[in-house]
Amino acid sequence: DAGVTQSPTHLIKTRGQHVTLRCSPISGHKSVSWYQQVLGQGPQFIFQYYEKEERGRGNFPDRFSARQFPNYSSELNVNALLLGDSALYLCASSLGSGNTIYFGEGSWLTVV
Amino acid sequence: GIQVEQSPPDLILQEGANSTLRCNFSDSVNNLQWFHQNPWGQLINLFYIPSGTKQNGRLSATTVATERYSLLYISSSQTTDSGVYFCAVDNNTDKLIFGTGTRLQVFP
(Lines give C-alpha, C1' and ligand atoms only; values in the text may rest on other atoms or scores of the structure.)
Protein backbone atom coordinates (compact mmCIF):
# COMPACT_ATOMS: atom_id res chain seq x y z
CA ASP A 1 0.00 0.00 0.00
CA ALA A 2 1.23 3.47 -0.85
CA GLY A 3 2.06 5.73 2.04
CA VAL A 4 1.61 9.48 2.15
CA THR A 5 3.10 10.91 -1.03
CA GLN A 6 4.30 14.46 -1.51
CA SER A 7 5.53 16.46 -4.46
CA PRO A 8 7.84 17.98 -5.37
CA THR A 9 10.58 16.53 -3.17
CA HIS A 10 12.93 19.48 -3.63
CA LEU A 11 12.46 22.94 -5.03
CA ILE A 12 14.19 26.29 -5.11
CA LYS A 13 12.23 29.54 -5.30
CA THR A 14 13.10 33.22 -5.30
CA ARG A 15 11.89 35.66 -2.66
CA GLY A 16 8.46 37.02 -3.51
CA GLN A 17 7.44 34.01 -5.58
CA HIS A 18 4.60 31.62 -4.86
CA VAL A 19 4.82 27.88 -4.24
CA THR A 20 2.32 25.02 -4.27
CA LEU A 21 3.07 21.77 -2.49
CA ARG A 22 0.97 18.67 -3.01
CA CYS A 23 0.06 15.71 -0.85
CA SER A 24 -1.82 12.47 -1.38
CA PRO A 25 -2.91 10.74 1.81
CA ILE A 26 -2.94 7.03 2.51
CA SER A 27 -5.94 5.45 0.86
CA GLY A 28 -8.96 5.71 3.14
CA HIS A 29 -7.52 8.54 5.23
CA LYS A 30 -9.74 11.61 5.33
CA SER A 31 -7.61 13.79 7.59
CA VAL A 32 -4.63 15.65 6.15
CA SER A 33 -2.38 18.02 8.03
CA TRP A 34 0.67 20.12 7.13
CA TYR A 35 3.77 20.88 9.17
CA GLN A 36 6.79 23.10 8.70
CA GLN A 37 10.16 21.98 10.01
CA VAL A 38 13.05 24.41 9.97
CA LEU A 39 16.57 23.15 10.47
CA GLY A 40 17.30 22.04 14.02
CA GLN A 41 13.73 22.20 15.27
CA GLY A 42 10.74 19.93 15.54
CA PRO A 43 7.86 20.17 13.08
CA GLN A 44 5.34 22.97 13.64
CA PHE A 45 1.66 22.53 12.83
CA ILE A 46 0.31 24.67 9.96
CA PHE A 47 -3.10 23.31 8.94
CA GLN A 48 -5.40 20.35 9.38
CA TYR A 49 -8.24 19.37 7.04
CA TYR A 50 -10.87 16.73 7.50
CA GLU A 51 -13.51 15.95 4.88
CA LYS A 52 -12.45 19.06 2.96
CA GLU A 53 -13.04 21.38 5.89
CA GLU A 54 -10.34 23.25 7.76
CA ARG A 55 -10.28 21.92 11.31
CA GLY A 56 -7.23 23.68 12.65
CA ARG A 57 -4.71 26.35 11.86
CA GLY A 58 -1.37 27.01 13.48
CA ASN A 59 0.36 30.30 14.11
CA PHE A 60 1.30 31.09 10.52
CA PRO A 61 0.65 34.26 8.49
CA ASP A 62 -2.10 34.57 5.90
CA ARG A 63 0.49 34.00 3.17
CA PHE A 64 -0.02 30.33 3.99
CA SER A 65 -3.18 28.68 2.73
CA ALA A 66 -4.32 25.17 2.00
CA ARG A 67 -7.20 23.17 0.69
CA GLN A 68 -8.38 19.59 0.49
CA PHE A 69 -9.96 18.10 -2.60
CA PRO A 70 -12.85 15.62 -2.91
CA ASN A 71 -10.34 12.76 -3.26
CA TYR A 72 -8.79 13.92 0.07
CA SER A 73 -5.53 15.05 -1.51
CA SER A 74 -4.33 18.44 -0.41
CA GLU A 75 -2.34 21.47 -1.50
CA LEU A 76 -0.36 23.89 0.59
CA ASN A 77 0.18 27.32 -0.96
CA VAL A 78 2.63 29.93 0.22
CA ASN A 79 2.60 33.41 -1.31
CA ALA A 80 5.23 36.14 -1.24
CA LEU A 81 7.97 33.78 -0.17
CA LEU A 82 10.49 34.94 2.39
CA LEU A 83 13.94 33.55 3.10
CA GLY A 84 12.57 32.30 6.41
CA ASP A 85 10.09 30.05 4.63
CA SER A 86 12.98 27.78 3.70
CA ALA A 87 12.15 24.52 5.45
CA LEU A 88 11.00 20.95 5.13
CA TYR A 89 7.25 20.85 4.61
CA LEU A 90 5.65 17.67 5.85
CA CYS A 91 2.22 16.31 5.07
CA ALA A 92 0.54 13.78 7.33
CA SER A 93 -2.64 11.75 7.10
CA SER A 94 -4.79 9.72 9.42
CA LEU A 95 -8.23 8.14 9.63
CA GLY A 96 -9.23 10.97 11.94
CA SER A 97 -8.59 12.29 15.40
CA GLY A 98 -7.41 9.69 17.86
CA ASN A 99 -5.67 7.53 15.27
CA THR A 100 -2.07 7.06 14.28
CA ILE A 101 -0.72 9.87 12.13
CA TYR A 102 1.56 8.98 9.21
CA PHE A 103 3.96 11.38 7.51
CA GLY A 104 5.18 11.69 3.96
CA GLU A 105 8.80 12.16 2.97
CA GLY A 106 8.40 15.91 2.80
CA SER A 107 9.11 18.71 0.36
CA TRP A 108 12.37 20.56 0.84
CA LEU A 109 11.84 24.23 -0.02
CA THR A 110 14.76 26.61 -0.40
CA VAL A 111 14.03 30.31 -0.88
CA VAL A 112 16.91 32.36 -2.28
CA GLY B 1 -0.58 25.27 25.16
CA ILE B 2 0.93 21.92 25.95
CA GLN B 3 4.70 21.90 26.34
CA VAL B 4 6.67 18.80 25.38
CA GLU B 5 10.25 18.34 26.52
CA GLN B 6 12.60 15.55 25.64
CA SER B 7 15.81 14.42 27.22
CA PRO B 8 18.63 14.04 26.66
CA PRO B 9 18.99 16.46 23.73
CA ASP B 10 21.98 14.54 22.39
CA LEU B 11 23.13 10.98 22.87
CA ILE B 12 26.23 9.25 21.55
CA LEU B 13 26.44 5.47 21.81
CA GLN B 14 28.60 2.66 20.65
CA GLU B 15 26.91 -0.11 18.72
CA GLY B 16 25.35 -2.65 21.06
CA ALA B 17 24.61 -0.22 23.87
CA ASN B 18 21.17 0.36 25.33
CA SER B 19 19.50 3.73 25.84
CA THR B 20 16.39 5.35 27.29
CA LEU B 21 14.85 8.50 25.87
CA ARG B 22 12.36 10.50 27.90
CA CYS B 23 9.41 12.68 26.94
CA ASN B 24 7.63 14.90 29.47
CA PHE B 25 4.43 16.75 28.68
CA SER B 26 2.79 19.54 30.64
CA ASP B 27 -0.88 18.59 30.43
CA SER B 28 -3.16 15.63 29.88
CA VAL B 29 -3.12 14.26 26.36
CA ASN B 30 -5.16 11.66 24.53
CA ASN B 31 -2.53 10.63 22.05
CA LEU B 32 1.23 10.24 22.06
CA GLN B 33 3.44 9.03 19.24
CA TRP B 34 7.16 8.38 18.93
CA PHE B 35 8.90 9.06 15.63
CA HIS B 36 12.35 8.49 14.19
CA GLN B 37 13.47 11.10 11.69
CA ASN B 38 16.07 9.72 9.33
CA PRO B 39 18.86 11.80 7.76
CA TRP B 40 16.68 12.38 4.69
CA GLY B 41 13.98 13.99 6.80
CA GLN B 42 11.30 11.34 6.80
CA LEU B 43 9.39 10.88 10.03
CA ILE B 44 8.87 7.20 10.64
CA ASN B 45 6.25 6.03 13.10
CA LEU B 46 7.65 3.96 15.93
CA PHE B 47 4.78 3.79 18.38
CA TYR B 48 1.29 5.11 18.90
CA ILE B 49 1.16 4.87 22.69
CA PRO B 50 -1.20 7.14 24.67
CA SER B 51 -0.79 4.79 27.62
CA GLY B 52 0.73 1.47 28.57
CA THR B 53 3.68 -0.41 27.13
CA LYS B 54 4.43 -1.66 23.64
CA GLN B 55 7.36 -3.49 22.12
CA ASN B 56 8.55 -3.82 18.55
CA GLY B 57 11.77 -5.74 18.14
CA ARG B 58 14.62 -3.91 19.83
CA LEU B 59 12.40 -0.94 20.64
CA SER B 60 9.87 -0.56 23.40
CA ALA B 61 7.90 2.35 24.79
CA THR B 62 6.00 3.08 27.95
CA THR B 63 3.64 5.96 28.63
CA VAL B 64 2.45 6.81 32.12
CA ALA B 65 -0.32 9.26 31.29
CA THR B 66 -1.16 10.07 34.90
CA GLU B 67 2.42 11.22 35.49
CA ARG B 68 2.75 12.87 32.07
CA TYR B 69 5.77 11.14 30.68
CA SER B 70 6.76 8.55 28.13
CA LEU B 71 9.94 6.54 27.70
CA LEU B 72 11.45 5.05 24.55
CA TYR B 73 13.91 2.24 25.15
CA ILE B 74 16.38 1.16 22.48
CA SER B 75 18.29 -2.04 23.10
CA SER B 76 21.39 -3.32 21.30
CA SER B 77 21.62 -0.11 19.28
CA GLN B 78 22.78 -0.22 15.66
CA THR B 79 24.24 2.47 13.43
CA THR B 80 20.95 2.55 11.53
CA ASP B 81 19.26 3.78 14.72
CA SER B 82 21.05 7.11 14.30
CA GLY B 83 18.84 10.13 13.71
CA VAL B 84 16.49 12.32 15.68
CA TYR B 85 13.77 10.87 17.87
CA PHE B 86 10.67 12.93 18.48
CA CYS B 87 7.70 12.40 20.70
CA ALA B 88 4.52 14.23 19.77
CA VAL B 89 1.21 14.63 21.54
CA ASP B 90 -2.29 15.78 20.73
CA ASN B 91 -5.75 15.90 22.26
CA ASN B 92 -7.74 14.14 19.55
CA THR B 93 -7.28 17.09 17.21
CA ASP B 94 -4.67 15.70 14.78
CA LYS B 95 -2.67 18.79 15.70
CA LEU B 96 0.53 17.20 16.88
CA ILE B 97 2.75 19.13 19.25
CA PHE B 98 6.30 17.91 18.89
CA GLY B 99 8.96 17.73 21.53
CA THR B 100 12.42 19.18 21.21
CA GLY B 101 13.88 15.90 19.96
CA THR B 102 16.79 13.68 20.95
CA ARG B 103 19.64 13.41 18.46
CA LEU B 104 21.13 9.93 18.60
CA GLN B 105 24.44 8.98 17.05
CA VAL B 106 25.49 5.33 17.10
CA PHE B 107 29.08 4.54 16.20
CA PRO B 108 30.44 1.13 15.19
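Let me begin by describing the structure that accompanies this report. Keep in mind it's a predicted model, so treat the numbers as computed, not measured. (Residues numbered from 1 in each chain as written. Chains lettered and ligands numbered in written order. Predicted model: local features only at pLDDT ≥ 70, side-chain atom pairs only at ≥ 80, totals over all residues. Heavy atoms only, no water.)

**Some thoughts on the sheet that holds strand β7 (residues 64–68) of chain A**
All names here are of chain A. Put simply, the rule reads: Whether two strands pair comes down to DSSP finding at least two bridges between them. What counts as a helix is a DSSP run of H or I of at least four residues, what counts as a strand is a run of E of at least two, and both are numbered from the N terminus. Every axis in this analysis is a line fitted to C-alpha atoms, fitted for helices over the stretch in contact. Angles between the N-to-C directions lie between 0 and 180 degrees.
Spatially, 4 strands are ordered β1-β3-β8-β7 in an open sheet, and the strand pairing comes out antiparallel. Both edges of this open sheet fall to β1 (5–7) and β7, since each of them pairs with a single strand only. Across the sheet, the mean angle separating the axes of adjacent strands is 15° when strand polarity is ignored. As paired elements, β1 and strand β3 (residues 19–24) share 3 bridges and run antiparallel to each other. The residue of β3 that forms the bridge with S7 is R22.

**Considering the environment of K30(A)**
Residue and element names in this part refer to chain A. As a reminder, the rule being used: It only takes one pair of heavy atoms within 4.5 Å for two residues to be counted as in contact. Between N or O atoms, a polar contact is any pair within 3.5 Å; within protein, one atom must be a potential hydrogen donor and the other a potential acceptor, and residues adjacent in sequence are included only when both atoms are from side chains.
By the element assignment, K30 lies in the loop between β3 and β4 (31–37). In sequence terms K30 and F64 are 34 residues apart; their C-alpha atoms lie 21 Å from each other. Here K30 is in contact with Y49, Y50, E51, Q68, Y72 and S94, once residues within four sequence places are set aside. One polar contact links K30 to E51, side chain to side chain, over a distance of 3.2 Å.

**Notes on the pairing of β7(A)**
Residue and element names in this part refer to chain A. Operational definition: Three labels apply to residues, based on accessible area from a 1.4 Å probe with only protein chains included: buried if under 20% of the type maximum, exposed if over 50%, partly exposed otherwise in between.
The alternating pattern of β7 places F64, A66 and Q68 on a buried face and S65 and R67 on a face that is not buried. Of the pairings in the sheet, the one linking β7 to strand β8 (residues 74–78) comprises 5 bridges and is antiparallel in character. The partner of A66 across the bridge, within β8, is L76.

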